[in-house]
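Now for the letters of each chain:
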Amino acid sequence: VDDFQSPDFYQLDDLLTDEQLMIRNAAREFVKKEVSPIIEDSAQSAKFPSYLIKKFGEQGLFGPSIPEAYGGGGMCDISYGLIMQEVERGDSGLRSMASVQSSLVMHPIFEYGNESQRMKWLPKLASGEMLGCFGLTEPDFGSNPSGMRTHFTDEGDHYLLNGSKMWITNSPLADIAVVWAKNEAGRVHGLVVEKGMEGFSAPEIHNKWSLRASITGELVFDNVKVPKENLLEGKSGLGAPLKCLDSARYGISWGALGAAMDCYETARKYTLEREQFDKPIAGFQLTQKKLAEMLTEITKAQLLCLRLGQLKNAGKATSAQISMAKRNNVEIALKIAREARQMLGGMGITGEYPIMRHMMNLESVVTYEGTHDIHLLILGHEITGIPAFK
Ligand code: TGC
Ligand code: FAD
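Keep in mind that this is a model prediction, so the values were computed, not measured.

Asks: Looking at this model, I keep getting lost on the site of ligand 2. Mind explaining?
Replies: Around ligand 2 sit 21 residues in total, of which Leu136, Thr137, Gly142, Ser143 and Thr371 are the nearest. Those elements giving two or more residues to the shell around ligand 2 turn out to be strand E1 (132-135), strand E3 (158-169) and helix H10 (372-384). Class assignment of the residues belonging to the shell around ligand 2 gives a composition of 10 nonpolar, 9 polar and 2 charged.

Asks: Just to check I follow, could you spell out the environment of Leu219 for this structure?
Replies: Mapped onto the fold, Leu219 is located in strand E7 (residues 216-227). Sequence-distant contacts of Leu219, defined by excluding residues within four places in its chain, comprise Gly135, Ser164, Lys165, Ile168, Ser171, Ala177, Val179 and Ala202.

Asks: Would you take a moment to explain the site of ligand 1 for this structure?
Replies: Ser96, Gly239, Leu242, Ser319 and Gly370 are the nearest of the 27 residues found near ligand 1. Of all elements in the fold, only helix H4 (92-112), helix H6 (239-273) and H10 reach the threshold of two or more residues within the shell around ligand 1. Broken down by element, the shell around ligand 1 gets its largest block of residues, 6 residues, from H6.

Asks: How do you make sense of the pairing of strand E4 (residues 176-182) when you look at a structure like this?
Replies: Looking down a regular strand, the side chains alternate between one sheet face and the other. Of all 7 residues that make up E4, 6 are buried, and the element is covered over most of its length. In this sheet, E4 lies alongside E1 in parallel orientation, the contact comprising 4 bridges. Across the sheet, the residue bridging to Gly132 is Ile176, located in E4. Sheet topology places E4 next to strand E5 (residues 188-194); 7 bridges connect them, and they run antiparallel. When the sheet's bridge partners are listed, Trp180 is paired in E5 with Gly190.

Asks: Could you clarify how one ought to interpret the confidence of the model for the chain in this entry?
Replies: Per-chain confidence: the chain averages 97 in pLDDT, with 99% of residues scoring 70 or above. Among the prediction metrics, the complex's ipTM stands at 0.97, with pTM recorded as 0.97.

Asks: Help me out: how do you make sense of helix H7 (residues 285-313) in this one?
Replies: Every α-helix carries 3.6 residues per turn, so stepping three or four residues along brings you back to the same face. In this model H7 runs 42 Å from its N-terminal to its C-terminal C-alpha over 29 residues, within 8% of the 42 Å that 1.5 Å per residue would give. Gly315 sits one or two residues past H7 and shows a positive phi near 70 degrees.

Criteria and cut-off values
- Residues numbered from 1 in each chain as written.
- Chains lettered and ligands numbered in written order.
- Predicted model: local features only at pLDDT ≥ 70, side-chain atom pairs only at ≥ 80, totals over all residues.
- Near = placed C-beta within 6 Å.
- Helix = DSSP H or I, 4+ residues; strand = E, 2+ residues; numbered from the N terminus.
- Nonpolar A, V, L, I, M, F, W, Y, C, P; charged D, E, K, R; others polar.
- Contact = placed C-beta atoms within 7 Å.
- Buried ≥ 20, exposed ≤ 12 C-beta atoms within 10 Å, placed from the backbone.
- Pairing = 2+ DSSP bridges.
- pLDDT = per-residue confidence, 0-100.
- Expected span 1.5 Å × (residues − 1).

In structure tokens:
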């Protein structure tokens, strides 16, 4: 199950550089060694394997595209995508932990922070000494973050922050939270809130049937005094957090592919070995139809990712292009997981195989970072020029 073959039907590996292949293979080996042996237990017992944070840092899996001067990997966006693919081949929950750290915490600090903020937080986030989280969603504002109520006032020598955030990956363990809140004028700004600040708490959300190996919580701000030097001054307005989402959504497009590959490979191997009616079930036309369609969808999704990565490297990828890839790739991964689950019959529901875990994880992935339908509406807006959100 975990020898990790990577379907490459169109020989896309030939289009990767030696460095990209080396980075991908190193991430693949790491996941095989550190994630695969423990992930089923973590998910079954709903325990986030927090000791992996440091190991992810040591392996260079945090902030791959942040410059090396700040502890990052200085890699291109295709390498970042390949890392996300391999991590999610292991588990979407651990990919969530890593994409929040890289795209939603390190990215805004790097893009919108000043030099002292960058030097204060980025190297420790890169090494896994610190864990971060990103607070945009609120109990009453998920798809529509522009309505957020979390706000801060200028109190002269500090800001006073009030409000709450919901569904925040990593929050109960995070050392810092990049929080999006409105000022007195209603303008959205990013603030870095640090663990231990008075009035700040991050209770865990329990009983998830999805991403059980990832820790999720709330963020509650009750008159939290945030030092003025914790404001990210480089960009304000809703576009600031949405731009971070572009980076995370891009990584998820690759990540979902990893989960899809794992389900496909598991189903391919299982159906070649499992016999019914005196022959391998892979010999029946219905099974072959499923496998052929899975491989076709994986190949199409790989092409989307690779081209999007090239555009991103050239600074030309648009938000709508990223929405198309996130929406398509998560959808095909979810469909492949559901089909693969059926192909394993009763065995498909057990933790002996990774498929049911991927399937349940992907139910969150299809919802977070913009739901399936929100991405469709982003594309509708792009095509027609008419926003249909409101
Ligand atoms: P709208 O008026 O369209 O835009 C407001 C401002 O933002 C700009 N903008 C973007 N900028 C960069 N990247 C994007 N993708 C952008 N989309 C919009 C836009 O140009 C405008 O700028 P300006 O200067 O004119 O003010 O905003 P709207 O309120 O109509 O909303 C648009 C909509 C619905 C697409 C947006 O709100 C949206 O994407 N909603 C979905 C929310 C979402 O994705 N939340 C994710 C939370 S984080 C998360 O889920 C982490 S899970 C992580 C994990 O565990 O992996
Ligand atoms: P809602 O916005 O209430 O949507 C409910 C349904 O209504 C959806 O099907 C949606 O598509 C539909 N809908 C909404 N508006 C429209 C419309 N205009 N037209 C048609 N249909 C519409 N957020 C963070 O900020 N940081 C995190 O780290 C984070 N991690 C998460 C981890 C997990 C496990 C989960 C489940 C969520 C996480 N989120 C995080 C929140 C996530 O981004 C939101 O769940 C998501 O944006 C959807 O918001 P909602 O759940 O409030 O659903």
